[in-house]
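# Structural overview
Residue strings, one per chain:
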Amino acid sequence: MGIVLRQSAKTVLITYIAFALGYINTLFLSPLVLSKEEIGLVRVLINVSYLFATLASLGSANIPMKFFPYFKDRKLEHNGILFFILTIGTAGFSLFVTFILAFKPYIANIYSGKAPLLMDYFYYLIPFTLIAIYSIIFDSYIVIQQRPVVPNFIKEFLIRAFMTIWLVLLFFKMISFKLFVINIILGYALALIILILYIWSLGLLFLKPNFTVFKSSHFKSIVVFAGFALMGNAGGTLIGNIDSLILSAYKGLGSTGIFTIAFFIATTIEIPKRAISQAVIPHISESNKNNEIEKLDIIYKKSSINQMIVGGVLFLLVWCNIDGIFHIIPHGEDFITGKWVVFWIGLSKLFDMATGVNQEIIGTSRFYKMDLAFYSLLVIIGIVTGFIFIPLYGLTGAALSVAISTFLINIIRFFFILFSMKIQPFSFDSLKILCIGGAVYLTDYLLPHNSSFIIDLITRSILLLIMFATLVLLLKVSEDINIVVHKLVKKYIGKRF
């Protein structure tokens, strides 16, 4: 877990620097420069493009996650696995273009009433989807080779940096909103080019036609796996985006814009999960290949406890300061209706982190087909709850729909891994975290509020963070965290005193 922790720490550092930039973009510049409808449009364009990319890639981005260990051989250019997945992705894009053009009238019929602005930018989805397909393929290819830091930098930081530039240009009226949207797509394209150049610099850009995978004894298994991955990804992506899609159709892009701001605040909590997931996938894939259940159990438990700690403190910091956060946002009074969106989405993200890397374990194991069954059930639940709760409760209904789906899929995965592999992520230390979180929240409830929301936010955050961190270290909740802190103290403080 030491390598995983180091890789995760680097990725988390980059991600949080990127988050600081994302904070400026999403919670300051966007509300300052864009209308609620325009914010909603940008979210829908990005989300829908990646939804389409997930479907159009035909499961190709998932193939390295499970089968790379079987073809791994640098001298043989990894037996053409990159060429293979790019071929699938390109074929899938061709099918996607045919589909999207054929169904445009039906899509227009759904959104032209409440979200007419979306249809004005409909054709932008085609190039955006192509860029997204190749981005997720190349990202998957390099991450499985234990090179997650630079791809994460490009995905998390660079794209946000481009967004900052475009928003500043729009603020000074140097570009129109239409050119702003075009520049967003070009920013993603440039990020893709940089990722490809990085892979090339490592000597891993093996694009020469190589049909080894097609001739391999694993080919049939790969095709079956890709098919199940496609359906599973479709389910997972729909669950993640059904909120904004239904919300835009029923309540318009303005509500989607508010939801975007609130959702961004809540997703602060899950940043460590994304970093840890990228770092552990190669190790989980290798362990599943070799049937090393004990190693999987260690990764499972450590991922859960470390994610609970970081996710728990972030959830508390966000929710205990939620009113102050909305005060900071320009025109925050227009967005504070999304307050309970933050709570429900944040709570679901925290639960997702607490249950550890369950999806990664199932998705790289011989049971990967079961995840499709889970997703199929949850897609139905997500769609049904979305159509029930969104018309009734609007923004909060969309958040409840997402939360219910997230809770259910993690509960199902937990019990499946427990019964099939006889491992589970929780321990007595998990209970310690819950008690620490409860004590910190009670302390926040008892703390008096300062009349200045900025001073209140800063002092409250510092006090809660110190209390949480102190209790975690004293109670020795995470061996990894205690070791890291001990080394840092010895290295930087021990020399001085």
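Just above sits the structure.
Residues numbered from 1 in each chain as written. Predicted model: local features only at pLDDT ≥ 70, side-chain atom pairs only at ≥ 80, totals over all residues. Heavy atoms only, no water.

### Re the overall build of the protein chain
Across its full length, the protein chain holds 22 helices and zero strands. Expected size for 497 residues packed as a compact globule is a radius of gyration near 23 Å; at 23 Å, the protein chain falls within 12% of this value. In terms of overall dimensions, the protein chain has C-alpha extents of about 70 × 55 × 45 Å along its principal axes. Across the 497 residues that make up the protein chain, the buried fraction comes to 55%. (Helix = DSSP H or I, 4+ residues; strand = E, 2+ residues; numbered from the N terminus. Rg over C-alpha atoms; globule rule 2.2 N^0.38 Å. Buried < 20%, exposed > 50% of the residue type's maximum accessible area, 1.4 Å probe, protein only.)

### Looking at helix 20 (residues 428-446)
Helix length check: helix 20 (19 residues) gives 28 Å between terminal C-alpha atoms against 27 Å at 1.5 Å per residue, within 8%. Of all the residues in helix 20, the buried ones are Ser-430, Lys-432, Ile-433, Ile-436, Gly-437, Val-440 and Asp-444. The arc enclosing the buried residues of helix 20, seen along the axis, measures out at 155°, which places them on a common side. With respect to the buried face of helix 20, the exposed residues turned more than 90 degrees away are Phe-428, Leu-434, Cys-435, Tyr-445 and Leu-446. For helix 20, the elements touching its buried residues are helix 14 (293-320) and helix 21 (453-474). (Expected span 1.5 Å × (residues − 1). Arc of directions from axis to C-beta. Contact = heavy atoms within 4.5 Å.)

### A word on the packing of helix 16 (residues 339-354) against helix 19 (residues 395-421)
At their nearest, the axes of helix 16 and helix 19 sit 8 Å apart, and the two run at 10° to each other. With respect to their mutual orientation, helix 16 and helix 19 come out roughly parallel. In this structure, helix 16 contributes Trp-340, Val-341, Trp-344, Ile-345, Leu-347, Ser-348, Phe-351 and Asp-352 to the contact, and helix 19 contributes Leu-395, Thr-396, Ala-399, Leu-400, Val-402, Ala-403, Thr-406, Phe-407, Asn-410 and Ile-411. The class makeup of the residues in the contact of helix 16 with helix 19 is 13 nonpolar, four polar and one charged. (Axes fitted to C-alpha atoms, helices over the stretch in contact; angles between N-to-C directions. Parallel < 35°, antiparallel > 145°, perpendicular 65-115°, else oblique. Nonpolar A, V, L, I, M, F, W, Y, C, P; charged D, E, K, R; others polar.)

### Notes on the side chain of Ser-401
Tracing the backbone shows Ser-401 in helix 19. Looking at Ser-401, its side chain comes within polar contact range of the main-chain nitrogen of Gly-386, at 3.4 Å. When neighbours within four sequence positions are excluded, Ser-401 is seen to be in contact with Gly-382, Thr-385, Gly-386 and Phe-389. (Polar contact = N/O pair within 3.5 Å; in protein donor to acceptor, adjacent residues only side chain to side chain.)

### Overview of a nonpolar patch on the surface
A cluster of nonpolar residues, Ile-24, Phe-28, Leu-32, Val-168, Phe-171, Phe-172 and Met-174, forms a patch on the protein surface that exposes about 650 Å² of accessible area. Looking at the nonpolar patch, the elements that each hand over two or more residues are helix 1 (2-33) and helix 8 (149-171). At three residues, helix 1 tops the list of elements feeding residues into the nonpolar patch. Mapping Phe-171 onto the fold places it in helix 8. (Patch = residues over 30% accessible without salt bridge, like charges linked within 9 Å, V, L, I, M, F, W, Y side chains within 5 Å. Areas by Shrake-Rupley, 256 points an atom, 1.4 Å probe, with all protein chains shown as cover. Salt bridge = Lys/Arg side-chain N within 4 Å of Asp/Glu carboxyl O.)

### What to know about unusual backbone geometry
In this model, Asn-291 sits at a positive phi of 55°, which is unusual for a non-glycine residue. When you line up the elements, Asn-291 lands in the loop between helix 13 (271-289) and helix 14. For Asn-291, a relative accessible area of 52% translates into the label exposed. Positive phi is not limited to glycine here, since Lys-422 has a value of about 60°. With respect to the helices and strands, Lys-422 occurs in the loop between helix 19 and helix 20. Judged by relative accessible area, Lys-422 falls into the exposed class, the value being 64%.

### A closer look at the packing of aromatic side chains
According to the stated counting rule, one finds 29 aromatic pairs in the structure shown. Seen from their ring centres, Phe-84 and Phe-219 are 6.1 Å apart, and the 75° between their planes marks the pair as edge-to-face. One end of the pair, Phe-84, is in helix 4 (residues 81-102); the other, Phe-219, is in helix 11 (residues 219-251), and 135 residues separate them in sequence. What makes Phe-84 buried here is its relative accessible area of 2%. (Phe/Tyr/Trp six-rings, centres within 6.5 Å; stacked < 30°, edge-to-face > 60°.)

### So, the pattern of salt bridges
For the structure shown, the criterion picks out nine salt bridges. Residue Lys-349 pairs with Glu-270 through a salt bridge whose shortest N-O separation is 3.4 Å. Of this pair, Lys-349 sits in helix 16 while Glu-270 sits in the loop between helix 12 (253-267) and helix 13, placing them 79 residues apart in sequence. Glu-270 matches Lys-349 in its accessibility class, with the two residues each being buried. Two residues, Asp-429 and Lys-432, come together in a salt bridge whose shortest N-O distance is 3.2 Å. Highlighted residues: Asp-429 and Lys-432, both in helix 20, separated by three residues, approximately one helical turn. Through salt bridges with shared partners, one network takes in Asp-444, Asp-456 and Arg-460.

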